[in-house]
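Below are the chains, spelled out letter by letter.
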Amino acid sequence: MTKKLTPANLRPDSLAVHGNMGHDTHANAVSFPIYQTSTYINKNFGGDIDFSYSRCANPTRDELEKTVALLEGGKYGFAFSSGLAAETALFSTLSAGDHVVIGDDVYGGTYRLSRDVFPRYGVKFSVVDFSCPEKVEAAIKPNTKFLYVETPTNPMMKVCDIRVIADIAKKSGAKFIVDNTFMTPVFQKPLSLGADVVIHSGTKYLAGHNDTMAGFLITSDEEVYNGVAYNRNTEGAALAPFDSWLVLRGIKTLTLRMKKHEENAIAVAQWLSKCKAVDEVFFVGLDSHPAKAIVDKQCTGYGGMISFTLKDPSIVRHALCDYQMIMFAESLGGVQTLITYPLTQTHASIPKEVRDSIGITDKLLRLSVGIEDKEDIIADLASVLGE
Ligand SMILES: *Cc1c(COP(=O)(O)O)cnc(C)c1O
């Protein structure tokens, strides 16, 4: 019997290329069109229309949202103007008196939302190391609404067992949210492991070329869907049509890129582990990673992110700035290899005591390994760090 190929049963490589509708049905364009419009003629006075105003819905964004939802295995997807806009829409569904348990090693902007913004509206946060499930259980209160994690974390690559935390969340009635920016659905599908919501900075691997900002929220939970749909439309941080198209275009090569990022990262992590200037290497694909067994259970790959410490902090400037190809820049997940200094860049807003306690010191560097030839990446690193 011939298999009927639908977006719901396409394999990931095909789904990434073809997306939800794949092509345009109006002019049969192979590339999905950019509907660069703010509004739509109302042809159904008094009745329902699919598109009325582009903050509410836009066909290009719709195609992207449905594609990302399919990739993550969720019912609903929302595209936002950035990852932090997605997080803001989610947290703003909470009310004064609600409580959130959040990971102790989250993205700097996420940390600022939890420390500076939402507490002013009466939402309380407890900061916990999610690699210890006992600590998560102990932090839950009767008013806990969300458990919020990144796994692997940024930049320390700590891992939480998604199934174990999902069980804790179910028992307590809290929703479990996983920021899946680092692994992408190519290597990790949190909804299939029991999470309720997936968040992405689409600026990173999904867009993939360091040329667009975007954010995503994916869920199959009706309550979360209704709250976020209302808030996104009301707060207004939906992704613009052109940026939606850029991310759709990026996603076509997502599975290919992730495999190459990973292949390169494995080679670079092994090289760094032997490099004399380097002290510790944090990469979830190394046998020395304390949670490698959990990663092997819940992921189908290791991703492209590596952090490492230098033995001698006095060479930090040289170890960040003096490459021929690798660029010293914030962000990650694009085709170019970038090196970042979490202390003064991505994690500058985290207080020193907290940074020290999780290991974000003056010796810690983070590499987003790109898709160049791995021999060139390693040669560039060797030219600065020595063998
Ligand atoms: C970059 C990043 C964010 C924030 O996303 P923006 O698109 O920059 O707003 C959130 N989580 C992680 C893991 C990130 O790397």
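Bear in mind that the values here come from a model prediction, so they are computed numbers and not experimental data. (Residues numbered from 1 in each chain as written. Predicted model: local features only at pLDDT ≥ 70, side-chain atom pairs only at ≥ 80, totals over all residues. Heavy atoms only, no water.)

### What to know about the overall build of the chain
Here is step 1 of the chain: A count of helical and extended segments in the chain gives 14 helices and 12 strands.
Here is step 2 of the chain: The globule rule puts the C-alpha radius of gyration for 387 residues at 21 Å, and the 21 Å found for the chain is close to it.
Here is step 3 of the chain: By principal-axis analysis of the C-alpha atoms, the chain measures approximately 70 × 50 × 45 Å.
Here is step 4 of the chain: Classification of the 387 residues of the chain by burial places 56% in the buried group.
Here is step 5 of the chain: A separation threshold of at least 6 residues defines the contact pool for the chain, and within that pool the share at least 24 residues apart is 72%.
Here is step 6 of the chain: Separation between the mean location of the 39 positive side-chain charges and that of the 45 negative ones in the chain comes to 3 Å. (Helix = DSSP H or I, 4+ residues; strand = E, 2+ residues; numbered from the N terminus. Rg over C-alpha atoms; globule rule 2.2 N^0.38 Å. Buried < 20%, exposed > 50% of the residue type's maximum accessible area, 1.4 Å probe, protein only. Contact = heavy atoms within 4.5 Å. Lys, Arg positive; Asp, Glu negative; His and termini not counted. Charge placed at Lys NZ, Arg CZ, Asp CG, Glu CD.)

### Let's talk about the domain arrangement of the chain
Here is step 1 of the chain: Parsing the chain into structural domains produces domain 1 (12–251) and domain 2 (254–385).
Here is step 2 of the chain: Computed over C-alpha atoms, the centres of domain 1 and domain 2 are 25 Å apart.
Here is step 3 of the chain: Domain 1 puts 41 residues into the contact, and the matching count from domain 2 is 44 residues.
Here is step 4 of the chain: Summed over both partners, the interface of domain 1 with domain 2 buries about 3600 Å², with 60% contributed by carbon and sulfur atoms.
Here is step 5 of the chain: It is M156, F187 and Y205 in domain 1 that bury the most area against domain 2; as a group they hold 23% of the surface buried on that side.
Here is step 6 of the chain: The interface formed by domain 1 and domain 2 holds two salt bridges in total.
Here is step 7 of the chain: With its nearest N and O atoms 3.2 Å apart, the salt bridge here joins K259 to D13.
Here is step 8 of the chain: Among the secondary structure elements, those contributing two or more residues to the side of domain 1 that touches domain 2 are α1 (12–18), α4 (108–117), α6 (162–172), α7 (184–187) and α9 (241–251).
Here is step 9 of the chain: Examining the composition of the side of domain 1 that touches domain 2, we find that four residues originate from one element, α4, more than from any other.
Here is step 10 of the chain: Of the residues belonging to the side of domain 1 that touches domain 2, the class tally is 22 nonpolar, 10 polar and nine charged. (Domains from an automatic or database assignment. Buried area = accessible area lost by both parts, 1.4 Å probe. Salt bridge = Lys/Arg side-chain N within 4 Å of Asp/Glu carboxyl O. Nonpolar A, V, L, I, M, F, W, Y, C, P; charged D, E, K, R; others polar.)

### Observations regarding the side chain of T60
Here is step 1 of the chain: One can find T60 in helix α2 (residues 59–72).
Here is step 2 of the chain: Excluding its chain neighbours within four sequence positions, the residues that come into contact with T60 are F32, P33, I34, Y35, P241, S244, W245 and L248.

### Considering the layout of surface pockets
The gaps left among the atoms become clear once a water-sized probe is rolled over them.
Here is step 1 of the chain: Its boundaries defined by the atoms lining it, the largest pocket holds a volume of some 360 Å³.
Here is step 2 of the chain: In terms of lining, the largest pocket is formed by 19 residues, of which the most central are D62, E65, G77, F78 and Y225.
Here is step 3 of the chain: With six residues, the top contributor of residues to the lining of the largest pocket is α2.
Here is step 4 of the chain: Here the residues of the lining of the largest pocket sort into eight nonpolar, four polar and seven charged.
Here is step 5 of the chain: The volume enclosed by the second largest pocket comes to roughly 310 Å³.
Here is step 6 of the chain: The dominant element in the lining of the second largest pocket, judged by the number of residues it contributes, is helix α3 (residues 83–91), at three residues.
Here is step 7 of the chain: The class makeup of the residues in the lining of the second largest pocket is six nonpolar, eight polar and six charged. (1 Å grid on protein atoms, 1.4 Å probe; cavity = no way out; pocket = protein on both sides within 12 Å on 5 of 7 lines; lining within 4 Å. Points joined across faces, edges and corners; volume = space filled by probe spheres on them.)

### What about the environment of V178?
Here is step 1 of the chain: Along the chain, the position of V178 falls in strand β5 (residues 175–179).
Here is step 2 of the chain: The class of V178 is buried, set by a relative accessible area of 0%.
Here is step 3 of the chain: In sequence terms V178 and V149 are 29 residues apart; their C-alpha atoms lie 5.1 Å from each other.
Here is step 4 of the chain: Once residues lying within four places of it in the same chain are set aside, the contact partners of V178 are V149, T151, Q188, P190, A195, V197, V198 and I199.

### Description of the site of the ligand
Here is step 1 of the chain: Near the ligand you find 15 residues, and of these G83, D179, S201, T203 and K204 are the closest.
Here is step 2 of the chain: Between the ligand and the protein, one listed contact pairs an oxygen atom with a side-chain N or O atom of S82 at 3.4 Å.
Here is step 3 of the chain: For the ligand, the accessible surface in isolation is 380 Å², of which the surrounding protein chains cover 95%.
Here is step 4 of the chain: Applying the majority rule of atoms within 2 Å of the grid points places the ligand in the second largest pocket.
Here is step 5 of the chain: Top element by residues in the shell around the ligand is α3. It accounts for three residues.
Here is step 6 of the chain: Looking at the shell around the ligand residue by residue, the class counts come to five nonpolar, six polar and four charged. (Near = heavy atom within 4 Å. Polar contact = N/O pair within 3.5 Å; in protein donor to acceptor, adjacent residues only side chain to side chain. Areas by Shrake-Rupley, 256 points an atom, 1.4 Å probe, with all protein chains shown as cover. Sits in = over half its atoms within 2 Å of the grid points.)

### Points about empty space enclosed by the protein
Here is step 1 of the chain: For the structure shown, the criterion picks out three cavities of 30 Å³ or more.
Here is step 2 of the chain: Taken together, 14 residues make up the lining of the largest cavity; nearest its centre are G103, F130, S131, E150 and T153.
Here is step 3 of the chain: Residue classes in the lining of the largest cavity are distributed as six nonpolar, three polar and five charged.
Here is step 4 of the chain: Quantified by volume, the second largest cavity comes out at close to 40 Å³.
Here is step 5 of the chain: Lining the second largest cavity are P152, M157, F182, M183, V284, Y302, G303, G304 and M305.
Here is step 6 of the chain: Of the residues that constitute the lining of the second largest cavity, the class distribution is seven nonpolar, two polar and no charged.
Here is step 7 of the chain: Looking at the lining of the second largest cavity, you find at least three residues from each of domain 1 (12–251) and domain 2 (254–385).

### Side note on the sheet that holds strand β3 (residues 124–128)
Here is step 1 of the chain: Taken in spatial order, the seven strands make up an open sheet running β1-β7-β6-β5-β4-β2-β3, and their pairing is mixed. Only two strands of the sheet have a single neighbouring strand rather than two, namely β1 (76–80) and β3. Across the sheet, the mean angle separating the axes of adjacent strands is 20° when strand polarity is ignored.
Here is step 2 of the chain: Here strand β4 (residues 144–150) pairs with β5 via five bridges, running parallel. Each bridged residue has a counterpart across the sheet, and for L147 the counterpart in β5 is F176.
Here is step 3 of the chain: Its contacts with the sheet place helix α8 (residues 222–235) against β1, β5, β6 (197–201) and β7 (215–219), and it is angled at close to 30° to β1. (Pairing = 2+ DSSP bridges. Axes fitted to C-alpha atoms, helices over the stretch in contact; angles between N-to-C directions.)

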